[in-house]
Amino acid sequence: MVADRRGPAVEDEQAREALARYGSPADGEVYIDSRPDAARTVRRLTRLVVVHQWGLGPQLSEVAVLLASELVGNAVLHTGARGFALRITRTRGRIKVELRDPSRALPCVLPVRPTDLGGRGLFLVDKLSDRWGADLLPIGKYVWFELRVVDR
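Residues numbered from 1 in each chain as written. Predicted model: local features only at pLDDT ≥ 70, side-chain atom pairs only at ≥ 80, totals over all residues. Heavy atoms only, no water.

Draft legend 1. Summary view of the pattern of salt bridges. Applying the stated criterion across every chain yields a total of 10 salt bridges. One salt bridge in this structure joins R47 and E62, with 3.3 Å as the shortest N-O distance. Of this pair, R47 sits in helix α2 (residues 38-53) while E62 sits in helix α3 (residues 58-78), and the two are 15 residues apart along the sequence. With relative accessibility at 15%, the residue R47 sits in the buried group. Each of R87, K96 and E98 takes part in one network of salt bridges that share partners. (Salt bridge = Lys/Arg side-chain N within 4 Å of Asp/Glu carboxyl O. Helix = DSSP H or I, 4+ residues; strand = E, 2+ residues; numbered from the N terminus. Buried < 20%, exposed > 50% of the residue type's maximum accessible area, 1.4 Å probe, protein only.)

Draft legend 2. Local environment of α3. For α3, with 21 residues, the first-to-last C-alpha span of 30 Å sits near the 30 Å given by 1.5 Å per residue. For α3, every residue scored as buried is listed here: L60, S61, A64, V65, L67, A68, S69, L71, V72 and A75. Packed against the buried residues of α3 are α2, β2 (83-91), β3 (94-101), α4 (121-128) and β5 (141-148). A positive backbone phi angle near 70 degrees is found at G80, which sits one or two residues after α3. (Expected span 1.5 Å × (residues − 1). Contact = heavy atoms within 4.5 Å.)

Draft legend 3. Representation of the packing of α2 against α3 in the model. At a minimum axis separation of 9 Å, α2 and α3 run at an interaxial angle of 150 degrees. Accordingly, the angle class assigned to the pair α2 and α3 is roughly antiparallel. Remark: the crossing between α2 and α3 carries right-handed chirality. Residues A38, A39, V42, R43, T46, R47, V50 and V51 of α2 form the contact with α3, whose own contacting residues are L60, S61, E62, A64, V65, A68, S69 and V72. In terms of residue class, the contact of α2 with α3 is built from 10 nonpolar, 3 polar and 3 charged. (Axes fitted to C-alpha atoms, helices over the stretch in contact; angles between N-to-C directions. Parallel < 35°, antiparallel > 145°, perpendicular 65-115°, else oblique. Left-handed = near helix turned anticlockwise from the far one by under 90°. Nonpolar A, V, L, I, M, F, W, Y, C, P; charged D, E, K, R; others polar.)

The structure is reproduced here in structure tokens:
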């Protein structure tokens, strides 16, 4: 992920604008249209929740942001959905990021070669998360991952 070159103040303002527009995914599902800027919106909301709402560290935030972005990329590229819902929850010892889309097609990790230009999304989710999976719904599914948190 490339940091916003305009600086942290601009990035924080853009995160606050996303929060005002969509709401906090820590308070319940937020619906986001499948648009070219969807992954950026999810990254901003995820960082805002993990760092600013929950006060967790930047390393955990970067992993959560990267993996949330990968879930969005898969939803946008492979489901053909007009939008998806994001929810982020925290329980003792872990955070969970869930993306709901209307497709019932289950995701699968593809083999990755060093020369591949794409197709690494779920490979990264599998390698960097503590757990991940997909839960079918009557219409659609949740794809999710969990990261451990050291509670103090």
